[in-house]
Amino acid sequence: MSASATAPIGSQILTLMAALMLVLQLFIIAQRRLLTNIRLFAIQSLLLAGIAAVVAFHHAANHVYLVAGLTLVGKVVLLPWLLTRLVYRIQIHQEIEPLLNAPSSMLIGGGLTLLGYVVARPFTSMERLGNNTLAIALALVLTGFFLTINRRKALTQVLALLTVENGVMLAAVALTTYGMPLVVELGIFFDVLVAVMVLAILVYRIRENFASMDTSKLNQLKG
Amino acid sequence: MSLLTPILIAPLLAGLLCLVVPSRRVMVALGVLAFATTLALGIALLHEVLARGVVTEWNGFLCADALSAWMVLLVSVVSFASALYAGPYFQRDIEAGMVSPARVREFYVLTPLFGAGMFMVVLANNLGVMWAAVEGTALSSVLLVALYNRRHSLEAAWKYVMLGSVGLALALLGTVFVYAAACKNAPDAVPSLNWSYLMSVAGGLDPHLLKLAFVFAFVGYGTKAGLAPMHTWLPDAHSEAPSPTSAMLSGVSLKIALYALLRFHILTAACLDSAFSRRLLLVFGLLSMLLAPPFILVQRNLKRLLAYSSLEHIGLICTAIGLNTPLTILGALMHMGYHALTKPVLFFAAGNIHQAFHALEFRRIGSGVAKVLPLTALWMGLAALAAIGLPPFGLFLSELTVLSGGLAAHETTVSALILIALVASFCGILQQFTRILLGTRRPDARPIETHRLDGAPAMILLLGALLLFSVWLPEPLLDLLRQAAAIIGGQP
């Protein structure tokens, strides 16, 4: 029973990586530079890929390796590269300019994390591997939503949405034996890629038309 | 003979071909041809479903029951009409310099893909694949909303895509919870996320997880279906999109999101009892219905008014399903169909008015449209009468069915609220439309450009079908509706 022998170690590694994902999320909330933000997202996705790899190894499930590989290629390499290129191409100001300042954002982030733990409590018995991964996943989703509201610039809202997606994928790994079925994982992967491209096109056009990416200027349509 | 695969392939192929064909006329023909094909296949599917119950392909990856077959028919009809209308519409737009030919090609590529995405939603057996397809329809339609590249259309597109993505992330989380419930139910196996499998084990799934899943799916798909209070993207997107796209968004896209929501509702109802999910549908359906009339009454923009009317109709459909009696569910399904035939006509006519007056605000259109655009005003008037639920049009019939079903189930309060909302929007739409359509033109009103045909074929086709099916529902269609109602209401 090699699987049960590796279980505690695998479980600990997984818990550690999930916790690091949450720490990175809090960094993303606190820092103000756009390029740093993209890099932090890339590292967070790297941890997600690592988690998928641990799960794949533990259960000897080959298709989860593929999921880890897709995350690595898509979210660690391709998307950050695309977004960085977009940042240089439209030459935007580097400051993120959130609505709330860093301390109060951190406070809200902490509160939402707490909320995630409270909501996940009845379901902790369902986690296959690792501790509190569902709580972390929910915390990622909630803080991600907060980030989309807290940011003015179109591009930074896209990054916030991507962290929400990381949270959902972490929930999928935490709650199910082998992650989602492969065809679903593939579908989600391509959807995320296309979504970022569509969003990038829109960001580019908004920038051309408004000479700004500030979405608080998108306030003409009412009633 | 396979039916489901070609329904997906035909629009996909048309969309990809439009990337390379040189002439715009060919692009128009391809779009029309693709959806005519799916319409024919949809009718064949109807008979197949009636004969066999459930049609599956690719080892059960694709799966169609009566509910899917009904949605296939709706998507085909609306997309066909809007492809028919789009040809002359964009011709005039290009002549007026409103849009570049490259952008129009974008339209002809994306619209069939949008349609193919909707077919995938209703034909996918796997709930995860269904989610991916809904996301696909959102992504293909957002660029259509932004087609004119004006400031307002970009704003509308941005709101649409942000709210849609946030909503769909929640719906994905709901899907994950369903899968977690399936994993918990079968700890030693790799369970599938297939609808047919989940329904067969529904009784054994963890009720708490499924409740949580339904709440997430409800907020997620509810956002995409435009239920209040998550509807704020709806009037923006519907008013800023080109009219053929508005017709598809309002005519079917909302109902496709509702379809995805219904699948979760059926699953939850099969696991728990139906009380939990149906109450949510009822409350938010009523909220949408009651929220729409005030906005209709004070509306100053034609296409936004139509969008709020869609909000009201989708609310009625939701409420009727929430009432959960066989009669109301049948009424809801009929209402989906009649609304899909009516609303596109209104958007097409609004497109004509937009092109003639270069404005959508009532103030700038003025009164007496019937004097200068008599045919357009006629189509619009007829469709408006249908939309507010006057006989002999079918919406009267379906609204009456829902109301009598509600009263028969002793849901007096709900029925009264439905009636209040219907009457309020009746007055609102009637008042706004008589003001712009009838009356005399002000003598100092700007002269406008008129066109000869103004996309009449598409509108005549839809109105003709509406009148025909209002007085005569063919027996196979009625059987299909009864079967679909039985699926939503739980198998008797």
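Above this text sits the structure in question.
Remember, predicted model here, so these are calculated numbers, not experimental data.

**Here's the deal with the packing of aromatic side chains**
All names here are of chain B. Inspection of every chain in the model, using the stated rule, returns 15 aromatic pairs over all chains. When the centroid spacing of 5.4 Å and the interplanar angle of 35° are considered together, the rings of Tyr85 and Tyr89 count as tilted. Of this pair, Tyr85 and Tyr89 both sit in helix 3 (residues 66–95), separated by four residues, roughly a single helical turn. The burial state of Tyr85 is the same as that of Tyr89; both residues are buried. The interplanar angle of 80° and the centroid separation of 5.2 Å between the aromatic rings of Tyr89 and Phe90 together place this pair among those described as edge-to-face. Owing to a relative accessible area of 1%, Tyr89 belongs among the buried residues under this scheme.

**A closer look at the pattern of salt bridges**
Note that side chains of opposite charge can pair when their charged atoms are close. All names here are of chain B. Under the criterion given, the structure shown has twelve salt bridges over all chains. Arg263 serves as the salt-bridge partner of Asp65, at 3.0 Å between the closest nitrogen and oxygen. Taken together, the residues Asp65 in the loop between strand 2 (62–64) and helix 3 and Arg263 in helix 10 (residues 243–271) connect sequence positions 198 residues apart. Residue Asp65 is classed as buried on the basis of its relative accessible area of 8%. Residues Asp206 and Lys184 are paired through a salt bridge, measuring 2.8 Å at the closest nitrogen-oxygen approach. Of this pair, Asp206 sits in the loop between helix 7 (195–200) and helix 8 (207–225) while Lys184 sits in helix 6 (residues 151–185); the two residues are 22 residues apart in sequence, bridging distant segments of the chain. With a relative accessible area of 41%, Lys184 lands in the partly exposed category. A network of salt bridges, in which partner residues are shared, links Glu155, Lys159, Asp236 and Arg304.

**Quick look at the environment of B:Pro293**
All names here are of chain B. With respect to the helices and strands, Pro293 occurs in helix 11 (residues 275–297). Classification of Pro293 by relative accessible area gives buried; the value is 4%. Between the C-alpha atom of Pro293 and that of Leu305, which follows or precedes it by twelve residues, the distance is 9.6 Å. Apart from the residues within four sequence positions on either side, Pro293 is in contact with Ala421, Ala424 and Ser425.

**Brief notes about unusual backbone geometry**
Residue and element names in this part refer to chain B. Looking along the chain, the bond that leaves Ala228 and enters Pro229 is cis, with omega of 0°. Looking at the secondary structure, you find Pro229 in the loop between helix 8 and helix 9 (233–240). Residue Pro391 is joined to Pro392 through a cis peptide bond whose omega torsion reads 10°. In this fold, Pro392 is placed in the loop between helix 16 (374–387) and helix 17 (394–408). Even without being glycine, Trp58 reaches a positive phi, approximately 50°. Residue position: Trp58 is located in the loop between strand 1 (55–57) and strand 2. For His358, which is not glycine, the phi torsion reads 55° and is therefore positive. Residue placement: His358 occurs in the loop between helix 13 (326–357) and helix 14 (362–365).

Definitions and cut-offs
Residues numbered from 1 in each chain as written. Chains lettered and ligands numbered in written order. Predicted model: local features only at pLDDT ≥ 70, side-chain atom pairs only at ≥ 80, totals over all residues. Heavy atoms only, no water. Phe/Tyr/Trp six-rings, centres within 6.5 Å; stacked < 30°, edge-to-face > 60°. Helix = DSSP H or I, 4+ residues; strand = E, 2+ residues; numbered from the N terminus. Buried < 20%, exposed > 50% of the residue type's maximum accessible area, 1.4 Å probe, protein only. Salt bridge = Lys/Arg side-chain N within 4 Å of Asp/Glu carboxyl O. Contact = heavy atoms within 4.5 Å.

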